[in-house]
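Chain by chain, the residues:
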Amino acid sequence: DTGVSQNPRHKITKRGQNVTFRCDPISEHNRLYWYRQTLGQGPEFLTYFQNEAQLEKSRLLSDRFSAERPKGSFSTLEIQRTEQGDSAMYLCASSSGANEQFFGPGTRLTVL
Amino acid sequence: QKEVEQNSGPLSVPEGAIASLNCTYSDRVSQSFFWYRQYSGKSPELIMSIYSNGDKEDGRFTAQLNKASQYVSLLIRDSQPSDSATYLCAVRSGAGSYQLTFGKGTKLSVIP
């Protein structure tokens, strides 16, 4: 399978705990994106990497969120001190150019 | 504030009919436009991209773009029950930004 992969697919955590998600993009893609989607809404942009550089970050993104792409390949998204409002589907996408973005299966986070 | 507007639906069409999905966007400098299909509980799947005014056809799908009216649409010919899903319109503004802004999606139901 050469598509975008994400792990874990599901995560249940208690409020206040830290969680980390991983995304492996399509191998030749140098751009990687994180989005968040809640029920009934379209995906909302969180952040974007070109190779290892984080070039865009949503102004809506809390300081509790951090993302890395240390070697320009896989990326991690960490949420510290989770809140119930963080419950959502976290989507990763990748692209080889400026345009078409392909999404992974997502990580569904439930904060109790 | 960049906005992408879609009718939430549900839009119901009989099998074999043409489904017409519409989207308007607020940012006049937007350059790239995409339609994603999302089945319930799954991640968005890219089905069409369009960058210049006019029509673009791919199989049963036709995307139409009118930048002057800030309007993009998706036509699905010979609709099938398997086309029943939520269709998301996404816009990239360009101008050095690579994030996609999504509408809330239109839920399509194809009735056998």
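These figures come from a predicted structure and were not determined experimentally.

Engineer: Is there a simple way to explain the overall build of chain A in this structure?
Structural biologist: Along its length, chain A carries zero helices and eleven strands. In sequence order, chain A lays out its α and β elements as β-β-β-β-β-β-β-β-β-β-β. The C-alpha radius of gyration computed for chain A amounts to 13 Å, which stays within 12% of the reference 13 Å derived for 112 residues, consistent with globular compactness. Projected onto its principal axes, the C-alpha coordinates of chain A cover approximately 40 × 25 × 25 Å.

Engineer: Looking at this model, I keep getting lost on the pattern of salt bridges. Mind explaining?
Structural biologist: Oppositely charged side chains can pair when the atoms bearing their charge come close. Residue and element names in this part refer to chain A. Scanning the entire structure with this criterion turns up seven salt bridges over all chains. Here R22 makes a salt bridge to D24, at a shortest N to O gap of 2.7 Å. Overall, the relative accessible area of 34% leaves R22 in the partly exposed class. For D24, a relative accessible area of 22% puts it in the partly exposed group. Its salt-bridge partner being R36, residue E44 comes within 3.3 Å of it at the nearest N-O pair. Taking relative accessible area as the criterion, R36 reaches 16% and is therefore assigned buried. When salt bridges with common partners are traced through the structure, they connect R64, E83 and D86 into a single cluster.

Engineer: Would you take a moment to explain the interface of chain A and chain B for this structure?
Structural biologist: Frequently, the measure chosen for interface size is the accessible area that the parts lose on association. Contacts between the two partners involve 22 residues from chain A, matched on the other side by 20 residues from chain B. Across the chain A/chain B interface, buried area totals approximately 1700 Å², and carbon plus sulfur atoms make up 52% of it. Of all residues in chain A, E56, N99 and F103 of chain A bury the most surface against chain B, accounting for 26% of the area lost on that side. Between chain A and chain B we count nine residue pairs in polar contact (both at pLDDT 80 or more) in total. Elements with a contribution of two residues or more to the side of chain A that touches chain B: β4 (31–37), β5 (44–50), β9 (88–95) and β10 (102–103) of chain A. Here the side of chain A that touches chain B gets four residues from one element, more than from any other, and that element is β4 of chain A. Residue composition of the side of chain A that touches chain B, by class: eleven nonpolar, seven polar and four charged.

Engineer: What am I meant to see in the packing of aromatic side chains here?
Structural biologist: In the structure shown here, the tally under the stated rule is twelve aromatic pairs over all chains. Aromatic pair F65 of chain A and Y90 of chain A: ring centres 6.4 Å apart, planes at 35°, arrangement tilted. Of the two residues, F65 of chain A is situated in strand β7 (residues 65–68) and Y90 of chain A in strand β9; the sequence distance between them amounts to 25 residues. Both residues of the pair, F65 of chain A and Y90 of chain A, belong to the buried class. Ring centres 4.8 Å apart and planes at 45° place the aromatic pair Y25 of chain B and F33 of chain B in the tilted group. The pair formed by Y25 of chain B and F33 of chain B is uniform in burial state, with each residue classed as buried. An aromatic cluster is present here, built from Y35, F45 and F103 of chain A together with Y36 and F102 of chain B joined pairwise through their rings. If you follow R22 of chain A out to its NZ or CZ, it ends over the ring of F74 of chain A, 3.9 Å from the centre. The ring of Y98 of chain B has R31 of chain A sitting right over it, with the charged end atom 4.7 Å from the ring centre.

Engineer: Help me understand empty space enclosed by the protein in this model?
Structural biologist: Left-over empty space is what a probe sized like a water molecule reveals as it rolls over the atoms. All names here are of chain B. Summed over all chains, the structure comprises one cavity of 30 Å³ or more. Taken as a whole, the largest cavity holds about 70 Å³ of empty space. Along its surface, the largest cavity is lined by 13 residues, and K2, D27, S30, V91 and T101 are the ones closest to its centre. The set of elements that each furnish at least two residues to the lining of the largest cavity consists of β9 (85–94) and β10 (97–102).

Rules used throughout
- Sequence order sets the numbering: in each chain, residues are counted from 1 along the sequence as written.
- Just so you know, chain letters begin at A and ligand numbers begin at 1, following the order they were written in.
- Confidence filtering applies because this is a predicted model: local features only for residues at pLDDT of at least 70, side-chain atom pairs given and counted only at 80 or more, and all residues used for totals across whole chains, interfaces and linings.
- Note that water and hydrogens are dropped before the side-chain values are worked out from all heavy atoms of the structure.
- A run of DSSP states H or I qualifies as a helix once it reaches four residues; a run of E qualifies as a strand once it reaches two. Both are numbered from the N-terminal end.
- When we talk radius of gyration, it's over C-alpha atoms, and the globule rule is simply 2.2 Å times the number of residues to the 0.38.
- Basic side-chain nitrogens of Lys or Arg form a salt bridge, by our definition, when they fall within 4 Å of a carboxyl oxygen of Asp or Glu.
- Note on classification: 1.4 Å probe, protein chains only; a residue is buried when its accessible area is under 20% of the maximum for its type, exposed when over 50%, partly exposed between these limits.
- Throughout, a contact is declared for two residues whenever any of their heavy atoms are within 4.5 Å.
- For any pair of parts, buried area is found by adding up, for both, the accessible area (1.4 Å probe) each one loses once the two are put together.
- Pairing of N or O atoms within 3.5 Å defines a polar contact, subject to two protein rules: one partner must be a possible hydrogen donor and the other a possible acceptor, and residues neighboring in sequence count only if both atoms are side-chain atoms.
- For this scheme, ten residues count as nonpolar: Ala, Val, Leu, Ile, Met, Phe, Trp, Tyr, Cys and Pro. Four count as charged, namely Asp, Glu, Lys and Arg, and the remainder, Gly too, count as polar.
- Each Phe, Tyr or Trp ring (for Trp, its six-membered ring) is paired with any other whose centre lies within 6.5 Å, and the angle between the two planes then decides the class: stacked below 30 degrees, edge-to-face above 60, tilted in between.
- Charges are assigned to positions over rings by a cutoff of 6 Å between ring centre and Lys NZ or Arg CZ, combined with an angular limit of 35 degrees from the ring normal.
- A cavity here means a set of 1 Å grid points, computed over protein atoms only, where a 1.4 Å probe fits but cannot escape. A pocket is an open set with protein on both sides within 12 Å along at least 5 of 7 lines, and lining residues have an atom within 4 Å of a point.
- Grid points are joined across faces, edges and corners, and a volume is the space filled by probe spheres set on the points.

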